[in-house]
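Read off the chains here:
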Amino acid sequence: MAGPARDRRQAVLRAIVADYIASQEPVGSKTLVERHKLNVSSATIRNDMAVLEAEGFIAQPHASSGRVPTEKGYRAFVDAINDVKPLSLPERRAISDFLESSVDLEDIMRRSAHLLAQLTRQAAVVQLPTLSVSRVKHCEVVALTPTRLLLVLITDTGRVDQRNVELAGPISDEETAQLRDLLNRVLEGKTMSDASTALATIAQDAPDHVTRAIAVVIDTLVEKPSDRVLIAGAANLVPMTTDLLSVVEALEEQVVVLKLLANLPELGNVSVVIGQENEDEELSKASIVTTGYGAAGETLGGLGVLGPTYMDYPGTIQKVAAVAQYISHILAGEERI
């Protein structure tokens, strides 16, 4: 196929995908000529559409209708996206203003999930920073009552976990301070796995209040998948198509959600998986846009959006990347966007 003809057909395909994303209605040759400056006749456009259909990029759902993109067509469209426009300054300020009032990192993540769902009108998934690459920054011990302690574990990624410890007997202020010093001496600067090992070692033959506190801290350090994923906007998918009902059901399964965030692209890149490219059958009717966030070049978690295959890919990629960048700035302690 000659170069100019190939380029023109790529332009026709981009126009069909763009129009279908906007309307969810089959696109005809007359519409393409009227809406897009392709500088060729309707007959040439029809010939191009016939070739694109033969190559599997578009399909004709009904004999008399226009064409709709196939998953192969969407993939070609996405692969041809070279540059995604950054959000405008007002859009970035709107994100910053919405997230700025967060009280801690988990609140930022929760707001980020709701914001992504609102911006894209699709389902958003945000993973809390994984503890496996975090280090303990500090452990605070507060006596709530003579027989109840509050442990506050803070990591260098900004994650804060709070747990109560019920004691068998009363604990003095001096013993509380000694426990705080002991825990921080053992924990500070260690990774989660190293911290758990060190705590298990000192728990042997320790006083009752120490062993109870250590058991709670170790339990906190061991991640539970159900605590790591936040989901928002699943109801956005329900009115779109019955094909997405299986996606809504899949979102209720934490294992499926964690799997789709398991293979994140390198920091700064965005991954797009379309329809049957998804390994999980429940997600085979959806497109998924994911990216990672982190600090110091290290990925600490991921986030993404799930929606129909006719989603606005450039806009979704843009918004997913912007929110991930915002979270990365927070983790790195840099100025906000």
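Scroll up to find the structure this text is about.
Below or above, wherever it landed, is the structure these notes cover. (Residues numbered from 1 in each chain as written. Predicted model: local features only at pLDDT ≥ 70, side-chain atom pairs only at ≥ 80, totals over all residues. Heavy atoms only, no water.)

Focus: helix α9 (residues 208-221)
If you check α9, its first and last C-alpha atoms are 20 Å apart, about what 14 residues at 1.5 Å a residue would give, namely 20 Å. For α9, the set of buried residues is His 209, Val 210, Ala 213, Ile 214, Val 216, Val 217, Thr 220 and Leu 221. All buried residues of α9 project into a common sector of 160° when viewed along the axis, lining one side. In this structure, the buried residues of α9 make contact with β5 (148-155), β6 (160-166), α7 (173-187) and α8 (192-202). (Helix = DSSP H or I, 4+ residues; strand = E, 2+ residues; numbered from the N terminus. Expected span 1.5 Å × (residues − 1). Buried < 20%, exposed > 50% of the residue type's maximum accessible area, 1.4 Å probe, protein only. Arc of directions from axis to C-beta. Contact = heavy atoms within 4.5 Å.)

Considering the sheet that holds strand β7 (residues 229-232)
Taken together, the 5 strands give an open sheet; going across it, the order is β7-β3-β10-β9-β8, and neighbouring strands pair in antiparallel fashion. Bordering the open sheet on either side are β7 and β8 (270-274), each of which pairs with just one other strand. Taken pair by pair, the neighbouring strands of this sheet meet at an average axis angle of 15°, ignoring direction. Direction of pairing for β8 relative to strand β9 (residues 286-295): antiparallel, over a ladder of 5 bridges. Opposite Val 272, over in β9, you have Val 289 as the bridge partner. (Pairing = 2+ DSSP bridges. Axes fitted to C-alpha atoms, helices over the stretch in contact; angles between N-to-C directions.)

Considering unusual backbone geometry
Look at Gln 24: it is not a glycine, yet its phi comes out positive at around 55°. Within the secondary structure, Gln 24 is located in the loop between α1 (3-23) and α2 (29-35). Classification of Gln 24 as partly exposed rests on a relative accessible area of 32%.

Nothing here speaks to function; it is all geometry.
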